[in-house]
Each structure stands twice: as C-alpha cells, then as structure tokens.
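# Structural overview for review
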Amino acid sequence: MVELAKTIFMAIGIFTVGLMIYVVACEIIDKFSKWRKNGCKIKCLCKPHVYEIEWHWVNDGETLLVCKKCGKKKKLFIDFDSFRK
Ligand SMILES: [Zn+2]
C-alpha cells in the first residue's frame, strides 16, 4: 500500500510540474507574440512604411494612417485645404 501511495504522489508531482511548465511556456509564447505585434525590432525593419488612410476626420484634419505591411499606426493632422488652393 505504501508503495502504491508513493507512486500516486509521484505521478501527481510529475503531473503538477508538467502542468506548471506548460503554463509558463504558454505565457512566454503569448508574451512573445504580443511583443511581435506591438512594435518589436522586426517591425522597425519595415522601411519605408506604406501607410494607408484608416480614417480621416474632416473637421480638424485628424488622420489615422496604418502601415499595410506591419500595421504600425500613425496619427497626423493634415490640412486638405492646402491641396485645393
Ligand atoms: Zn511598416
């Protein structure tokens, strides 16, 4: 009986350690993918950025540009009246 209990506890112990390693690995992978999404060095290699206009606010010229290659966002204030002159 003692041997059986030892085996069960060992199995639980191995399972717990394995689960912890799995959780930590998942967190690291998750953080890494977030880091890649939110402006890491790989993104900085995207030059020149090719911006597309995401939206434009006519009243004050506020324009959100998004790079179609890496997804980098840039907010600008563009005076479109200057084109019409
Ligand atoms: Zn880019």
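In case you missed it, the structure is sitting above this.
A brief report on the enclosed structure follows. (Residues numbered from 1 in each chain as written. Predicted model: local features only at pLDDT ≥ 70, side-chain atom pairs only at ≥ 80, totals over all residues.)

## Structural notes on the overall build of the chain
Our working definition: Every helix listed is a DSSP run of H or I at least four residues long, and every strand listed is a run of E at least two residues long, numbered separately from the N terminus. Taken over C-alpha atoms, the radius of gyration is set against a globule rule of 2.2 Å times the number of residues to the power 0.38. Here a residue counts as buried when 20 or more other C-beta atoms sit within 10 Å of its C-beta, as exposed when there are 12 or fewer, and as partly exposed otherwise, the C-beta atoms being derived from the backbone. Contacts here follow a simple rule: the backbone-placed C-beta atoms of the two residues must lie within 7 Å.
Within the chain, the secondary structure is distributed over three helices and three strands. Listing every helix and strand of the chain by position from the N terminus yields α-α-β-β-β-α. In terms of C-alpha radius of gyration, the chain reaches 26 Å, well past the compact-globule figure of 12 Å for 85 residues. Its C-alpha atoms give the chain principal-axis dimensions of about 95 × 30 × 10 Å. Residues classed as buried in the chain amount to 0% of the 85 residues present. Considering only contacts within the chain whose residues lie at least 6 apart along the sequence, 10% involve residues at least 24 apart.

## Describing the pairing of strand β1 (residues 51-57)
To keep things clear, this is the line we draw: By this definition, two strands are paired if DSSP reports at least two bridges between them.
Within β1, only zero of the seven residues are buried, which leaves the element largely exposed. Direction of pairing for β1 relative to strand β2 (residues 62-67): antiparallel, over a ladder of six bridges. Looking at the pairing, I53 lines up with L65 of β2. Once β1 ends, the chain turns through four residues before running back antiparallel as β2, passing G61 with a positive phi of about 75°.

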